[in-house]
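Working through the structure, step by step
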Amino acid sequence: MPTVFVMQRGRVEAYEAPVRLDADGRATRDGWAASIVSFASGPRAPHRWAVVAAPGIAVMVGARGVTAGVSPLAHGEHVFIGGEVEAIFSADAHPLPVVDGAPDAACPVCCEPGSAGRRGLFDCPKCPARACDACWAQFPHGRCATPGCDQPAAFDRPLFTAEPGDFWDGLR
Ligand SMILES: [Zn+2]
Ligand SMILES: [Zn+2]
C-alpha cells in the first residue's frame, strides 16, 4: 500500500494512503488541509496518486504549488502543507502475486512455463504488466519495465521507509 510519511516534532509518522491530513500533519476525517487520493482515468488505466489542497491552504509538491487544488504525486515526492508540515509520499510496493491464473501459465515476458523453479506470475501494482518473479528480479533499477510506468517494484528488499534525514526540513 502507498504510504505517506509525515515529520512531526522530529518523529516520522507513517500513514497508509489514501489519507487526509490536517494542518498539523495528522491523519483526520474532518477539517483536513490536504488529502492524498488515488484515481484512474479509465478502468484499465494505471492507478495514479494526487494531493488535493483544501480551499485556503497552501500546499506544495516539491517546489511547485498545487494549483487549482490538485496535483499529481509520484513516488518519493515531498509535500508541504501550510508551510509547516512536510510529508514524503511513497508508492513503493512489491509485485502482486497473480491468484486467478493457471498455475503453469507461461510468463508473458520470457515465455517460460510456470514450473522451472519459479514462484509464479506477478502483476505490477500500477499498470497491467505481468511477469514471472525471475523477470521482475531483472528489470532495471528495481522498477516496472513498462515505458512510463516507473512503479518501484522489486522483490526481496524492504519497502521504502522515510528516515528523519530524508526530510528536507528534517535537520532544521
Ligand atoms: Zn519471465
Ligand atoms: Zn508497471
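Observations regarding the overall build of the protein
Each helix and strand counted, the protein has one helix and 13 strands in total. Its helices and strands in sequence order give the protein the pattern β-β-β-β-β-β-β-β-β-β-β-β-β-α, from N to C terminus. C-alpha atoms of the protein, sized along the principal axes, occupy 55 × 35 × 25 Å. Within the span of the protein, comprising 172 residues, buried residues form 28% of the whole. Considering only residue pairs separated by 6 or more positions, the protein has 38% of its internal contacts joining residues 24 or more positions apart.

Describing the nonpolar core
Judged by nonpolar contacts, the single largest core of 26 residues is most densely connected at A34, V51, V79, I81, A87 and F89. Broken down by secondary-structure element, the contributors of at least two residues to this core are β1 (3-8), β3 (19-21), β4 (34-39), β5 (48-53), β6 (59-61), β9 (78-81) and β10 (85-90). Leave out the neighbours within four places in its chain, and V79 touches A34, V51, V59, V61, A87 and F89. Within the second largest apolar cluster, twelve residues are counted, among which are F122, A131, C132 and A153.

A few points about the sheet that holds strand β11 (residues 96-97)
Here we have three strands laid out as an open sheet, ordered β11-β12-β13, and antiparallel in their pairing. In the strand order of this sheet, the two ends are held by β11 and β13 (130-132), each with one partner. Alignment of strand β12 (residues 121-123) against β13, held across three bridges, turns out to be antiparallel. Its bridge partner being in β13, L121 is matched across the sheet by C132.

Here we look at the domain arrangement of the protein
Partitioning the protein into domains gives domain 1 (3-91) and domain 2 (96-142). Centre-to-centre separation of domain 1 and domain 2, based on C-alpha positions: 32 Å.

A short note on the environment of F80
Inspection of the secondary structure assignment puts F80 in strand β9. Separated by 24 residues in sequence, F80 and G56 place their C-alpha atoms 14 Å apart. Ignoring anything within four residues of it in the chain, the contact list for F80 reads V59, M60, V85 and E86.

Some words on the sheet that holds strand β7 (residues 64-65)
Pairing in this open sheet of six strands is antiparallel, and the strands run β2-β1-β10-β9-β6-β7 from one edge to the other. The outermost strands of the open sheet, each flanked by one partner alone, are β2 (11-16) and β7. Looking at chain direction, β6 and β9 are connected through three bridges and run antiparallel. Across the sheet, the residue bridging to M60 is F80, located in β9.

Conventions we followed
Residues numbered from 1 in each chain as written. Chains lettered and ligands numbered in written order. Predicted model: local features only at pLDDT ≥ 70, side-chain atom pairs only at ≥ 80, totals over all residues. Helix = DSSP H or I, 4+ residues; strand = E, 2+ residues; numbered from the N terminus. Buried ≥ 20, exposed ≤ 12 C-beta atoms within 10 Å, placed from the backbone. Contact = placed C-beta atoms within 7 Å. Core = buried A, V, L, I, M, F, W, Y, C linked by C-beta atoms within 7 Å. Pairing = 2+ DSSP bridges. Domains from an automatic or database assignment.

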